[in-house]
Amino acid sequence: MRLARHTGLLHDLYFSKSHTTLLSRRHKAYILKHRRGFLPPDLKDVPGAIGCLYGMLPDVDEYSRFVLPLEVVKEYHRMGFVKIPQLVLDGRQVDVLNDEVQQLENNVEHHPKMEYLYGTSLSNLTEGPLFTSQGVWRACWGLHDLVHLPFLTVAASQALGNAAVRLWYDEVHRKSPRIGPFTPWRQNYALWQQVTTPASGHASLFLAFDYLTKDRGAPCLIPGSHRWREEGEELLQVPFTAEDEMQQMNSIWEHLREEEVEALQDSPPVTLELRRGEALLIHPLTIHAVHGNRSALPCRSATVHYCDTSVRAARSGAVLPNCTQLFHEGEVLTGTHFPIVFDPEVVEDLPLLTSDEAL
C-alpha cells in the first residue's frame with residue numbers, strides 16, 4: 001500500500017511521495033516513536049491516520065479494493081443493514097483495539113484524556129456488566145485510526161449516495177461474561193433527532209472485536225424496519241425494562257403500531273453472527289438491538305457513526321457532550337470535531353449507485 005499525502009514536518013521527513021513501499025515493522029515503530037512528541041493531547045487535532053493501526057492511508061488510485069459491490073449497497077437499502085463482505089480488521093489490529101478498550105475500562109475514573117470523551121458509563125468499576133465510552137477516537141491511537149479506516153469510510157460513503165463523509169462520533173462497548181446485559185431495541189437516529197438533521201445523512205458501522213453470537217452480544221435487526229418510521233415521526237427507543245433478555249426482546253410489541261406489528265410478523269428479527277474483525281453497515285432508522293453476553297468470555301465491539309456533509313445542527317449550541325464547538329440551528333457540521341474522513345471526488349473509479357437503483 002503506497003502512502004497517502006500527509007501534512008506536517010514528519011511527512012516531509014519520512015513520508016515523501018516517492019516512498020511507495022510498505023514500511024517495515026521496525027521502520028514503522030521508529031516513526032511512531034518519533035511522532036509521539038509531536039502528537040497533541042486531543043487527537044481530533046491530528047488529520048488523518050496516525051499510523052498505529054495500519055500505517056498511513058492509501059493513495060488515491062488504491063481505493064478500488066475497499067469499494068462494496070453494488071449488490072451489497074442495494075441490499076443495504078433494501079434491508080436497512082448489510083454485512084461487509086470481507087474482514088475489515090485482522091487479528092493483530094483487533095488485539096490493539098481490545099487493549100485500548102481494556103485500558104479505558106481499567107482507568108475510567110482517572111484516564112488522562114477523560115475530558116475529551118463524549119460520555120462514559122460503567123455500572124460497577126470492578127467487573128461491571130457493561131462498559132461503554134463515546135468519543136474514544138480523540139483519546140486512543142488505534143481507535144483514532146479506526147474511524148479513518150477505508151473499509152469503513154468508503155462503505156459509509158456508498159451508503160450515503162457516494163457523498164463526502166464526516167465522522168459523527170464513535171463508541172466502544174464491553175459486556176462482562178455471563179452478566180452482560182441486552183441492549184434494548186432502538187433506531188439510532190432516535191438518539192440524534194434533537195441535535196442533527198436530516199436522518200438520511202447518517203450511517204453507522206458496527207464492528208466485532210470478538211466472535212459474536214446470539215449468546216455473546218451479536219446484533220439483532222428487523223429487516224425493512226428503516227421504512228417504518230421517518231424523520232419527523234416519533235422514533236422507536238424501547239427503554240430497558242427487564243433483566244430477562246426474552247422479556248426485553250418481546251417488549252417491542254408494546255411500542256409498535258398496528259401496521260408495524262403485521263410487518264414484524266412477516267419479517268421477524270434476524271441475529272447476525274460476526275467474526276472478529278467483521279463489520280455491519282446499519283441504516284440510521286433500522287430498528288435493532290444487541291444480545292446480552294451469556295458466554296464465559298467478555299464481549300467487545302465498537303460502532304462508528306458517520307454523516308454526510310449535508311447534516312446540520314437541529315438546535316443551537318453543542319451537539320455532543322464535552323464538545324466545545326458550538327453551532328447555530330441549521331448550521332452545517334464542520335470543524336475538527338467532525339472531520340471529513342473520506343471524499344469520493346479525490347479517488348478514481350468509485351462506482352455510483354443511482355437513486356432508482358437504491359430503491
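Residues numbered from 1 in each chain as written. Predicted model: local features only at pLDDT ≥ 70, side-chain atom pairs only at ≥ 80, totals over all residues. Heavy atoms only, no water.

1. What to know about the overall build of the protein chain
In step 1: The helix and strand inventory of the protein chain stands at nine helices and 14 strands.
In step 2: Looking at the protein chain as a whole, 57% of its 359 residues qualify as buried.
In step 3: For the protein chain, long-range pairs separated by at least 24 residues make up 77% of all intrachain contacts whose partners lie at least 6 apart in sequence.
In step 4: For the protein chain, the exposed surface amounts to about 15900 Å²; the carbon and sulfur share of it is 51%. (Helix = DSSP H or I, 4+ residues; strand = E, 2+ residues; numbered from the N terminus. Buried < 20%, exposed > 50% of the residue type's maximum accessible area, 1.4 Å probe, protein only. Contact = heavy atoms within 4.5 Å. Areas by Shrake-Rupley, 256 points an atom, 1.4 Å probe, with all protein chains shown as cover.)

2. Quick word on the pattern of salt bridges
In step 1: In total, this model carries 13 salt bridges according to the counting rule given.
In step 2: As a salt-bridge pair, R276 and D95 come within 2.7 Å of each other at their nearest N and O atoms. Of this pair, R276 sits in the loop between β9 (270-271) and β10 (279-282) while D95 sits in helix α4 (residues 91-106), placing them 181 residues apart in sequence.
In step 3: For E233, the salt bridge goes to R257, with nearest N and O atoms at 2.8 Å. Linking E233 in the loop between β8 (219-221) and α7 (245-250) with R257 in the loop between α7 and α8 (258-266), this pair joins segments that are 24 residues apart in sequence.
In step 4: Taking relative accessible area as the criterion, E233 reaches 29% and is therefore assigned partly exposed.
In step 5: The partly exposed category is assigned to R257, whose relative accessible area is 27%. (Salt bridge = Lys/Arg side-chain N within 4 Å of Asp/Glu carboxyl O.)

3. Some words on a negative patch on the surface
In step 1: There is a patch of like negative charges on the surface, built from E258, E259, E262 and D266.
In step 2: Structurally, D266 is set in helix α8. (Patch = residues over 30% accessible without salt bridge, like charges linked within 9 Å, V, L, I, M, F, W, Y side chains within 5 Å. Lys, Arg positive; Asp, Glu negative; His and termini not counted. Charge placed at Lys NZ, Arg CZ, Asp CG, Glu CD.)

4. Concerning α4
In step 1: The terminal C-alpha atoms of α4, which comprises 16 residues, lie 22 Å apart, in line with the 22 Å expected from a rise of 1.5 Å per residue.
In step 2: Of all the residues in α4, the buried ones are Q93, V94, L97, N98, E100, V101, L104 and E105. Along the axis of α4, the buried positions cluster into a sector of 160°, meaning they face one direction only. Away from its buried face, by an angle of more than 90 degrees, α4 presents the exposed residues Q103 and N106.
In step 3: Looking at where α4 begins, the residue whose side-chain oxygen comes 3.2 Å from the main-chain nitrogen of R92 is D90. (Expected span 1.5 Å × (residues − 1). Arc of directions from axis to C-beta. Polar contact = N/O pair within 3.5 Å; in protein donor to acceptor, adjacent residues only side chain to side chain.)

5. Regarding helix α3 (residues 70-79)
In step 1: All of the buried residues in α3 are V72, V73, Y76, H77 and M79.
In step 2: Positive phi shows up at G80, right after α3, with a value of about 95°.

6. A short note on the sheet that holds strand β11 (residues 287-290)
In step 1: Strand order across the open sheet formed by four strands is β5-β11-β8-β9, with antiparallel pairing between neighbours. Each having just a single partner strand, β5 (183-187) and β9 make up the two edges of the open sheet. (Pairing = 2+ DSSP bridges.)

7. Quick look at the nonpolar core
In step 1: Ranked by size, the top nonpolar core spans 71 residues in total, and within it L89, L146, L152, W168 and Y306 carry the most contacts.
In step 2: The greatest single-element share of this core, amounting to six residues, is contributed by helix α6 (residues 150-159).
In step 3: Once residues within four sequence positions are removed from consideration, L89 is found in contact with L53, V94, L97, L146, L149, L207, F209, R276 and G277. (Core = buried A, V, L, I, M, F, W, Y, C linked by side-chain atoms within 4.5 Å.)

8. Focus on the packing of aromatic side chains
In step 1: Counted under the stated rule, the structure contains nine aromatic pairs.
In step 2: Summarising the aromatic geometry, the rings of F66 and F151 are spaced 4.8 Å apart at their centres and angled 85° between planes, so their arrangement reads as edge-to-face. Residue F66 is found in the loop between α2 (25-35) and α3, and its partner F151 is found in helix α6; the two are separated by 85 residues along the sequence. With respect to burial, F66 and F151 carry one shared label: buried.
In step 3: Centre to centre, the rings of F182 and W185 are 6.5 Å apart; their planes meet at 70°, and the pair counts as edge-to-face.
In step 4: For W185, a relative accessible area of 1% translates into the label buried.
In step 5: One aromatic cluster in this structure is built from W168, Y169, W192, F327 and F338. (Phe/Tyr/Trp six-rings, centres within 6.5 Å; stacked < 30°, edge-to-face > 60°.)

9. Points about the environment of A190
In step 1: Along the chain, A190 turns up in the loop between β5 and β6 (196-197).
In step 2: Overall, the relative accessible area of 11% leaves A190 in the buried class.
In step 3: Between the alpha carbons of A190 and E234 there is a distance of 8.2 Å; along the sequence they are 44 residues apart.

10. Examining the environment of E62
In step 1: With respect to the secondary-structure elements, E62 resides in the loop between α2 and α3.
In step 2: By relative accessible area, E62 is classed as buried at 17%.
In step 3: Expressed as a C-alpha distance, the spacing of E62 and V347, which sit 285 residues apart in the sequence, is 8.1 Å.

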